[in-house]
Amino acid sequence: MAIELKHTKATDTWGAVLEAYGRVSRTLDREMRAETGLSLAWYEVLYLLARSPDERLRMSDLADQTMTSRSAATRLVDRLVRDGLVERTTCPNDRRGTEVALTDAGRETFIEAGRVHLRGIEEHIGQHLTPDEMTEITEMLWRLANVQRGAAGITLVSGIHQ
């Protein structure tokens, strides 16, 4: 006997977000691995560091931004350190804290992988939606994200590119 699930507009929307995100992410990950040897998770860390001031983040902030546990972020960073793409440093303002910073090799790898990633995003998203649809979806998703950030006590993001 199958469990009867309640369907609402909100649950249908959530299902579509999960399905689209999962399928596009798997495709982008497959392409990234084939062309660069990096996983999408590794690329995400390099991206977050590249867009951060001084190309560095505290480990706790990196875990929060990748939406992973601190132990999962630590394991991921361990592998990136092993491959010379990032390095750990002591926080200048808090000697107990650790920061992760891009290395020169990490910066070069990010730039190369970024070309693959941007091409994939254009191919798997940009070619299937109009500019107006992308603007509308982007604004709606940032609105939802900002509600959750506010509920978690995180400063709200004002721009759609942050």
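Not measured: the values here are computed from a predicted model.

Reading the values: the criteria
Residues numbered from 1 in each chain as written. Predicted model: local features only at pLDDT ≥ 70, side-chain atom pairs only at ≥ 80, totals over all residues. Heavy atoms only, no water. Pairing = 2+ DSSP bridges. Helix = DSSP H or I, 4+ residues; strand = E, 2+ residues; numbered from the N terminus. Axes fitted to C-alpha atoms, helices over the stretch in contact; angles between N-to-C directions. Contact = heavy atoms within 4.5 Å. Patch = residues over 30% accessible without salt bridge, like charges linked within 9 Å, V, L, I, M, F, W, Y side chains within 5 Å. Areas by Shrake-Rupley, 256 points an atom, 1.4 Å probe, with all protein chains shown as cover. Salt bridge = Lys/Arg side-chain N within 4 Å of Asp/Glu carboxyl O. Expected span 1.5 Å × (residues − 1). Buried < 20%, exposed > 50% of the residue type's maximum accessible area, 1.4 Å probe, protein only. Arc of directions from axis to C-beta. Parallel < 35°, antiparallel > 145°, perpendicular 65-115°, else oblique. Left-handed = near helix turned anticlockwise from the far one by under 90°. Nonpolar A, V, L, I, M, F, W, Y, C, P; charged D, E, K, R; others polar.

Looking now at the sheet that holds strand β1 (residues 56–58). Taken together, three strands build an open sheet; the order of strands is β1-β3-β2 and the sheet is antiparallel. Unpaired on one side and paired on the other, β1 and β2 (86–90) mark the two borders of the sheet. For this sheet the average axis-to-axis angle between neighbouring strands, irrespective of direction, equals 30 degrees. Inspection of the sheet shows β2 paired to strand β3 (residues 98–102) by five bridges, in the antiparallel sense. Each bridged residue has a counterpart across the sheet, and for T90 the counterpart in β3 is T98. Strands in contact with helix α3 (residues 59–66) are β1 and β3; relative to β1, the strand with the most contacts, it is inclined by about 95 degrees.

To continue, consider a nonpolar patch on the surface. Together, W14, V17, L18, I137, M140, L141 and L144 make up an exposed nonpolar region whose accessible area comes to about 640 Å². Mapped by element, the contributors of at least two residues to the nonpolar patch are α1 (9–36) and α6 (131–151). Counting residues per element, the nonpolar patch draws most heavily on α6, which supplies four residues. Within the secondary structure, L18 sits in helix α1.

Along an α-helix, residues three or four positions apart point the same way, because every turn accommodates 3.6 residues. Taking 1.5 Å as the rise per residue, helix α4 (residues 70–82) with 13 residues should run 18 Å; its terminal C-alpha atoms sit 18 Å apart, in good agreement. Within the span of α4, buried status applies to A73, L76, V77 and L80. Axial view of α4: buried residues confined to an arc of 100 degrees, hence all on one face. Contacts made by the buried residues of α4 are with α2 (40–50), α3, β2 and β3. Downstream of α4 by a residue or two, G84 has a phi angle that is positive, lying close to 75 degrees.

One can describe the packing of α2 onto α3 by two numbers: an axis separation of 11 Å at closest approach and a directional angle of 120 degrees. Comparing their axes, α3 and α2 come out oblique. For the element pair α2 and α3, the recorded crossing hand is right-handed. Judged by residue contacts, E44, V45 and L48 of α2 engage L62, Q65 and T66 from α3. For the contact of α2 with α3, the residue count by class is three nonpolar, two polar and one charged.

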